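# Geometric and topological summary
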Amino acid sequence: MKKNIVFSGIQPSGKLTIGNYIGAIKQWVKMQNKYNCFFCIVDLHTITLKKKNFDLNNAILDTLSIYLACGINPKKSVIFIQSHISEHTQLSWILNCYSYYGELKRMTQFKNKLIKYNFKNINSGIFFYPILMASDILLYQTSYVPIGEDQKQHIELCRNIANRFNNNYGNIFNIPKPCILKYGSKILSLQETKKKMSKSDNNYNNIIYLLEKKENIFKKIKLAKTDSDKTRKIKYDIINKPGISNILNIFASLTGEKITNIVKNFNGKMYNDLKYETSKVLIYFLEKIQENYYNIRNKESFLKDIIYDGNIKAKKIAKINFLKIKKKINLLK
Ligand code: AQP
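Everything numeric in this text was worked out from a predicted model, so none of it was measured.

What counts as what
- Residues numbered from 1 in each chain as written.
- Predicted model: local features only at pLDDT ≥ 70, side-chain atom pairs only at ≥ 80, totals over all residues.
- Heavy atoms only, no water.
- Helix = DSSP H or I, 4+ residues; strand = E, 2+ residues; numbered from the N terminus.
- Buried < 20%, exposed > 50% of the residue type's maximum accessible area, 1.4 Å probe, protein only.
- Contact = heavy atoms within 4.5 Å.
- Salt bridge = Lys/Arg side-chain N within 4 Å of Asp/Glu carboxyl O.
- 1 Å grid on protein atoms, 1.4 Å probe; cavity = no way out; pocket = protein on both sides within 12 Å on 5 of 7 lines; lining within 4 Å.
- Points joined across faces, edges and corners; volume = space filled by probe spheres on them.
- Nonpolar A, V, L, I, M, F, W, Y, C, P; charged D, E, K, R; others polar.
- Disulfide = S-S within 2.5 Å.
- Domains from an automatic or database assignment.
- Buried area = accessible area lost by both parts, 1.4 Å probe.
- Polar contact = N/O pair within 3.5 Å; in protein donor to acceptor, adjacent residues only side chain to side chain.

Further remarks concern the side chain of threonine 46. Tracing the backbone through its elements, the reader meets threonine 46 in helix α2 (residues 43-46). A relative accessible area of 6% places threonine 46 in the buried class. Setting aside chain neighbours within four positions, we find threonine 46 in contact with Gln11, Pro12, Ser13, Phe54 and Leu56.

Quick look at the pattern of salt bridges now. Applying the stated rule across the entire model yields 13 salt bridges. A salt bridge links lysine 241 to aspartate 229; the nearest nitrogen and oxygen atoms lie 2.9 Å apart. Of the two residues, lysine 241 sits in the loop between α9 (214-223) and α10 (242-255) while aspartate 229 sits in the loop between α9 and α10, which places them 12 residues apart along the sequence. Since its relative accessible area comes to 3%, lysine 241 is described here as buried.

Turning our eyes to something else, we now look at empty space enclosed by the protein. It is the rolling of a water-molecule-sized probe over the atoms that shows where space remains empty. Scanning all chains against the criterion turns up 1 cavity of 30 Å³ or more. Its volume calculated, the largest cavity comes out at about 100 Å³. Gln11, His45, Thr48, Leu49, Met107, Gln109, Phe110, Lys113, Ile126, Tyr129, Pro130 and His154 are the residues that line the largest cavity. If you list the elements that add at least two residues to the lining of the largest cavity, you get α6 (108-116) and α7 (124-138). Broken down by class, the residue content of the lining of the largest cavity amounts to 6 nonpolar, 5 polar and 1 charged.

What follows concerns the state of the cysteines. Here a disulfide denotes one covalent bond, and it connects the sulfur atoms of two cysteines. As enumerated under the stated definition, the model contains 0 disulfides in all. In this model cysteine 97 remains outside any disulfide bridge; the closest cysteine sulfur is found in cysteine 158, 16 Å from its own. Free cysteine: cysteine 158, not disulfide-bonded; nearest cysteine sulfur from cysteine 179 at 13 Å. Cysteine 158 gets classed as buried once you look at its relative accessible area, which sits at 0%.

This part takes up the domain arrangement of the protein chain. According to the domain assignment, the protein chain contains domain 1 (5-185 + 299-328) and domain 2 (204-294). Centre-to-centre, using C-alpha coordinates, domain 1 lies 29 Å away from domain 2. At the junction of the two partners, domain 1 supplies 14 residues and domain 2 supplies 17 residues. Around 1,400 Å² of area is buried between domain 1 and domain 2 when both sides are counted, 76% of it from carbon and sulfur atoms. The tally of links between domain 1 and domain 2 comes to 0 salt bridges. Counting the contacts that link domain 1 with domain 2 gives 5 residue pairs in polar contact (both at pLDDT 80 or more). Of all elements in the fold, only α1 (18-31) and α3 (56-70) reach the threshold of two or more residues within the side of domain 1 that touches domain 2. Take the side of domain 1 that touches domain 2: its biggest share by element is 5 residues, from α3.

If you want it as structure tokens, here you go:
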């Protein structure tokens, strides 16, 4: 039987965080045993925001090394680079013509970026980003897209565009479904619990990187914002106790323990006890990933071979599917 297709990607826009792992990569590792998986390094999305002295080429290899270190297996999954497969941008133009200004304007991520950059110097790449993302997904006839909560709205848009296209031309695109975890789909920033943890956050104390040093983990988790509830009771309540709930989410996601059990085990204990144990969980968990990472990161020819192989496999599918789309809209006889 033909396996369903899974597509997902991460921007090589900085050092990956435990948010990227818990929300996305953790799901990928599991899914690669069951599905036909395409894991992309979405470098074209990264150039929507420009950072001074940022070495994108290096960041792509860092991201690939993290994928591998976390357990993405190039023998099971296709790992490739978005900009190397020209069909992504070609399809993106076509889909631009089947999507509306109004729907792109409503995207929360876009609105947040407008605020973050004070409505100044917003390039149109940021505006069209969700269309390129839809192209990434639809090009491979994807069934499932494992992502964090923040990307949910973009998948809804992608589904709308695919349905619109199908209504015009027959069943061209598979309609993809998002896979979003019940717990851990939005790991919060450690000190500003109203927003998610993000690799491009300027405040490093908000983030635990996958390559975070042991001593920083203790320090950052210790500094993590909690709440002013006088009872200091450890309980899962994302509305009233976002900080503590976030720490519980991290603990649960990395150990596989149920939140209710963790809460029971910490009954009567202090916030600092939970923070200390969570730091230990993080250190134990990240140790292996970091060891794997440092073993492969300087093997550039090994990494480039993986990209080469992945690109060939992705290109083959992308080319066939894109030709079908072009034929349907009469761009090709
Ligand atoms: N805090 C998070 N909790 C859970 N999942 C998260 N993801 C990101 N942050 C969290 C998921 O990771 C995947 C890759 O995301 P991306 O790099 O393509 O862009 P992003 O969502 O904008 O992630 P960042 O870390 O916030 O990147 P920057 O700072 O560059 O914008 C996605 O599946 C995302 O949901």
